[in-house]
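Chain by chain, the residues:
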Amino acid sequence: MITSDTAARLVDAVAESSAPRVDVKPRKSRSAEGGRQIVVAPLRKSHRGLERPPFECVALVLQGGGALGAFQAGVYQALAEANLHPDWVSGISIGAINAALIAGNSPQTRLDKLRAFWEQVTTPHAPDIFGFGDTWLRGDAARGVMNRLHAGGTLVQGAAGFFTPRMPPPYFSPPGTIEATSWYDTKPLRSTLENLVDFDRINAGEMRFSLGAVNIRSGNFVCFDSNTHTIKPEHIMASGALPPGFPAVEVEGELYWDGGLVSNTPLQWVVAGDTRLDTLAFQVDLWSARGEMPSDLSDVMVRQKEIQYSSRTRASTDQFRAIQSVRVALANLLDQLPAELLDSEDGKLLRSVADRRVYQIVHLIYRAKPYEFQSKDYEFSRASMQDHWNTGYNDAIRTLRHPEALQRPTDRTGVATFDVAVDGRE
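This structure is a prediction, so every number in the text was calculated from the model and none was measured.

Draft legend 1. View of the overall build of the protein. Secondary structure summary: the protein contains 15 helices and eleven strands in total. In the protein, buried positions account for 50% of the 426 residues. Of the contacts made within the protein by residues no fewer than 6 positions apart, 75% connect residues no fewer than 24 positions apart. About 20,200 Å² of surface is accessible on the protein, with carbon and sulfur atoms providing 54% of the total.

Structural data, given as structure tokens:
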């Protein structure tokens, strides 16, 4: 008899050895096969008020990335204007906070709550020196200087409504105390969450909500899900408890750290979890896996963070596509088996693995500006927040104007991706 472990290994082995690895690009303007023309739908004039795409589930997947998280708020603004309200939202770290602000509020108030959070945790514009307004801040060099000053200010002062520096510092606190294990206190975040998030709404299940954290004692990644847990502020705080800056957070007697220590991208929960549905997933990443060769130590630190926290997004998507192609092939083969074999224990096990669902994964990836450095994830200035928000909003608008971004995959694997930076056209 085939065990569940054996079946899982079989799927993985076949996927690695035989599955197609080529990205499917649903749009083509011209084919080389006999000069055949393929009609491509024109770009939409507007992203607003779209009809719901033909999927059972619209999911929003939010990566961790600190101050860069305003990019995700901008993406959500465009989705809301397009009438693409998610059925499922999942996140890590700052992505978990944004996800809670979305799931924990009505569609009419979500943007207001997102804006309230990001305005609270960021510092205002630089003062007007000599009456020149923002003119003296123009140019990459000037912005780079100001960003570093703001990041330094965050290190010294913290972020309002988010975290405050410990006084005295942790080295002066008794070992074994929570004060000795982190540089900052995140108690202000609890008050902010309680003020801006309706946890009764999250737990009522109108929108599925998932977030990830790491159990310090076991080292295992844990998914807190509104289908299986009663979500409270501590669950969200645990997902963003990145050491040694932030302290561990206790949830039901166990201590947790930031989920990004293990996986910073929660896509797999949505597309390969306990609920298999035809899914349109908007994956909003704050770190780009692709980048240039560093030229100095500052660039090295930037690339290190990008590689560490991008969580190999495209590699994970390719792996899922490979596995899904085997599941589809298995489903096709099972259709040819007699009923007595399908009803056997082995047949039931194989049927549980087989899957013909389709998955359209839309990537929205923040790409750093030339004036941003390794401190970009803790540079909480109002100017940078607005830049990140506007960038996410504009990237999402450009994406939604492409009809092919929201179409059901037609490839035999049932999995397709769209990234406006790669697949976009004008």
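Moving on from the model shown.
Draft legend 2. Spatial organisation of the packing of helix 11 (residues 313-334) against helix 13 (residues 345-353). Two elements in contact, helix 11 and helix 13, have axes whose closest approach is 9 Å; the angle formed by their N-to-C orientations is 140 degrees. Here helix 13 runs oblique to helix 11, going by the angle between their axes. For the crossing formed where helix 11 meets helix 13, the hand is left-handed. Of helix 13, the residues touching helix 11 (which contributes R327, L330 and L334) are L350, R351 and V353. Grouping the amino acids of the contact of helix 11 with helix 13 by side-chain chemistry returns four nonpolar, no polar and two charged.

Draft legend 3. Highlighting the environment of N227. Tracing the sequence through the fold places N227 in the loop between strand 6 (221-225) and helix 8 (233-239). The exposure class assigned to N227 is exposed, which follows from its relative accessible area of 53%. For the pair N227 and F209, spaced 18 residues apart in sequence, the C-alpha separation works out to 7.9 Å.

What counts as what
- Residues numbered from 1 in each chain as written.
- Predicted model: local features only at pLDDT ≥ 70, side-chain atom pairs only at ≥ 80, totals over all residues.
- Heavy atoms only, no water.
- Helix = DSSP H or I, 4+ residues; strand = E, 2+ residues; numbered from the N terminus.
- Buried < 20%, exposed > 50% of the residue type's maximum accessible area, 1.4 Å probe, protein only.
- Contact = heavy atoms within 4.5 Å.
- Areas by Shrake-Rupley, 256 points an atom, 1.4 Å probe, with all protein chains shown as cover.
- Axes fitted to C-alpha atoms, helices over the stretch in contact; angles between N-to-C directions.
- Parallel < 35°, antiparallel > 145°, perpendicular 65-115°, else oblique.
- Left-handed = near helix turned anticlockwise from the far one by under 90°.
- Nonpolar A, V, L, I, M, F, W, Y, C, P; charged D, E, K, R; others polar.

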